[in-house]
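# Chains, contacts and geometry: an overview
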Amino acid sequence: MGLFKKKTVIKTYDKENKKPVIKASICNGEQVAGFKDIHTGKIEEVMLIKSQADLDWFKKMYGIDGEIEKEY
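So, here is what we can say about the structure in this document. Model, not experiment: these values are computed from the prediction.

Turning to the side chain of Asp 37, a few remarks are in order. Mapping Asp 37 onto the fold places it in strand E2 (residues 31–37). It is Lys 18 that comes nearest to the buried, bridge-free Asp 37 among opposite-charge side chains, at 5.5 Å. A polar side-chain atom of Asp 37 sits 3.4 Å from the main-chain amide nitrogen of Thr 40. Look past the residues within four positions of Asp 37 in its chain and what remains in contact with it is Asn 17, Lys 18 and Lys 42.

Written out as structure tokens, the structure is:
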């Protein structure tokens, strides 16, 4: 029926100074999506990635096309 459908709101980020990354733990495999400041290297964590659906949602939420770089 679709009365209460989740709306997709495209959020923005500073594309000149930040790039999307996935911070992955070597020990337990936990992955966190966020944005890395190009100048300082600091990562701003946005959301935990538990499955491919979470990653797709993150990409859709911020309008990201293509692959996201992983950092360990």
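Let us now look at the nonpolar core. If you look at the biggest cluster of nonpolar residues, it comprises 12 residues: Tyr 13, Ile 22, Ala 33, Phe 35, Met 47, Ile 49, Leu 55, Phe 58, Met 61, Tyr 62, Ile 64 and Ile 68. Of all the elements in the fold, those that place two or more residues in this core are E2, strand E3 (43–49) and helix H1 (52–62). The element contributing the most residues to this core is H1, with 4 residues. Ignoring anything within four residues of it in the chain, the contact list for Met 61 reads Val 9, Ile 10, Lys 11 and Met 47.

Before going further, it helps to spend a moment on the sheet that holds strand E4 (residues 69–71). As summarised here, the arrangement of the 4 strands in space is E3-E2-E1-E4, forming an open sheet in which the pairing is mixed. Every other strand in the sheet has two partners, leaving E3 and E4 as the edge strands with one partner each. Across this sheet, the average inter-strand angle for adjacent strands is 35°, counted without regard to direction. With 6 bridges joining them, E2 and E3 adopt antiparallel strand pairing. In the strand pairing of E3, Gly 34 is matched with Glu 45. Contacts from H1 reach strand E1 (18–24), E2 and E3 within the one sheet, and its direction differs from that of E3 by about 130°.

Rules of the game
Residues numbered from 1 in each chain as written. Predicted model: local features only at pLDDT ≥ 70, side-chain atom pairs only at ≥ 80, totals over all residues. Heavy atoms only, no water. Helix = DSSP H or I, 4+ residues; strand = E, 2+ residues; numbered from the N terminus. Buried < 20%, exposed > 50% of the residue type's maximum accessible area, 1.4 Å probe, protein only. Lys, Arg positive; Asp, Glu negative; His and termini not counted. Salt bridge = Lys/Arg side-chain N within 4 Å of Asp/Glu carboxyl O. Polar contact = N/O pair within 3.5 Å; in protein donor to acceptor, adjacent residues only side chain to side chain. Contact = heavy atoms within 4.5 Å. Core = buried A, V, L, I, M, F, W, Y, C linked by side-chain atoms within 4.5 Å. Pairing = 2+ DSSP bridges. Axes fitted to C-alpha atoms, helices over the stretch in contact; angles between N-to-C directions.

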